[in-house]
Amino acid sequence: MKHYFSKNRHILWFLFLPIYFLAFGLIEKNIQSDYWVSYCIIDDYIPFVKEFVVAYVSWYPLLLGVAVWTFLKDKQAFKRYAWSIIIGLSLSVIICIILPNGQDLRPEIITTDIFSKSINYLYLIDTNTNVFPSMHVVATIAALFAVFDTKTIKGVVTKSALVILGILICLSTVFIKQHSILDIFSGLVIGIIIYVIVYVLIKRHMKNNTVEGADDQ
């Protein structure tokens, strides 16, 4: 076991998740009712579509699947994916600390089908606060960056399917009224920041270190 961890130290990147959930939980608990409301007039024209909850919860297997795949198949791509998640979610938490926010778009759901029950449960466990930017969008973008970064995921069909899933996940945030469209736009801005930092600056630095290490040998 000790040999495994010494050989696969990048597994320690997973430790960010409990730290993130703790930080998010603390700001969720301490946010007051007086918060900035994330709202755009476009939100009024976006219908509530309960079936989109399927796409919304697909966020979890997408993130986990990309993490496990790159962890096992492409260590460098996994590290960049981890950096994307760490930077993206950390920026999101910082914004929520500086600008406590929430949304008032949730409808009252009285139907009892599986989709309605799922959304009501989701509303119960996930408050309507700390929605700007949408961390669903931020992390989805990070996952898609990793999909196109690693050379171990091949095939136009596979990548296209993952992109479509990612788009549906982002759209689901507004169709189940968990987020304002402003939260999507702000998540896209964070995505641009992630790309510049991770896939331009950090990737270049990692590549230079690899070349220098080869030269030393």
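Before reading on, note that the structure itself is shown above.
A short tour of the structure in this document, coming up.

## So, the pattern of salt bridges
Counted according to the given criterion, the structure contains three salt bridges. A single salt-bridge network, built from bridges that share partners, covers Arg80, Asp149 and Lys203.

## A look at the nonpolar core
Among the nonpolar cores identified, the biggest contains 33 residues, and Tyr20, Val66, Tyr81, Ile85, Leu89 and Met135 are the most heavily contacted of them. Elements that contribute at least two residues to this core include exactly helix 2 (16-30), helix 4 (59-73), helix 5 (75-98), helix 7 (135-149) and helix 9 (181-216). Element by element, the count of residues in this core is highest for helix 5, at eight residues. Discounting residues that sit within four places of it in the chain, Met135 has contacts with Tyr20, Phe24, Trp59, Leu89, Ser92, Val93 and Cys96. Within the second largest apolar cluster, 18 residues are counted, among which are Ala55, Leu122, Val174 and Ile176.

## Focus on the packing of helix 7 against helix 8 (residues 156-175)
Two numbers describe how helix 7 lies on helix 8: the axes approach to 9 Å, and their chain directions differ by 175°. Put simply, helix 7 runs roughly antiparallel to helix 8. Where helix 7 abuts helix 8, its residues His136, Val137, Thr140, Leu144, Val147 and Phe148 lie against Lys159, Leu162, Val163, Gly166, Ile169, Cys170 and Thr173. Broken down by class, the residue content of the contact of helix 7 with helix 8 amounts to eight nonpolar, four polar and one charged.

Rules used throughout
- Positions within a chain are numbered from 1, following the residues in the order the chain's sequence is written.
- With the structure being a predicted model, the display of local features is reserved for residues of pLDDT at least 70 and the display and counting of side-chain atom pairs for 80 or more, all residues being used for whole-chain, interface and lining totals.
- By convention in this description, side-chain values take in all heavy atoms of the structure and omit both hydrogens and water.
- By definition, a salt bridge exists where a carboxyl oxygen of Asp or Glu is found within 4 Å of a side-chain nitrogen of Lys or Arg.
- In these notes, a set of buried Ala, Val, Leu, Ile, Met, Phe, Trp, Tyr and Cys residues joined through side-chain atoms within 4.5 Å is what counts as a nonpolar core.
- To sort residues, take the accessible area from a 1.4 Å probe on protein chains only and compare it with the maximum for the residue type: under 20% means buried, over 50% means exposed, and anything in between is partly exposed.
- In this text, helices come from DSSP runs of H or I with a minimum length of four residues, and strands from runs of E with a minimum of two, each type numbered from the N-terminal end.
- Contacts were defined at the residue level, with two residues in contact if any of their heavy atoms lie within 4.5 Å.
- To obtain an axis, a line is fitted to C-alpha atoms, over the contacting stretch when the element is a helix, and the angle between two such axes runs from 0 to 180 degrees between their N-to-C directions.
- Convention used here: angles under 35 degrees read as roughly parallel, angles over 145 as roughly antiparallel, angles from 65 to 115 as roughly perpendicular, and any remaining angle as oblique.
- Polar here means any residue other than Ala, Val, Leu, Ile, Met, Phe, Trp, Tyr, Cys and Pro, which are nonpolar, and Asp, Glu, Lys and Arg, which are charged; Gly is therefore polar.

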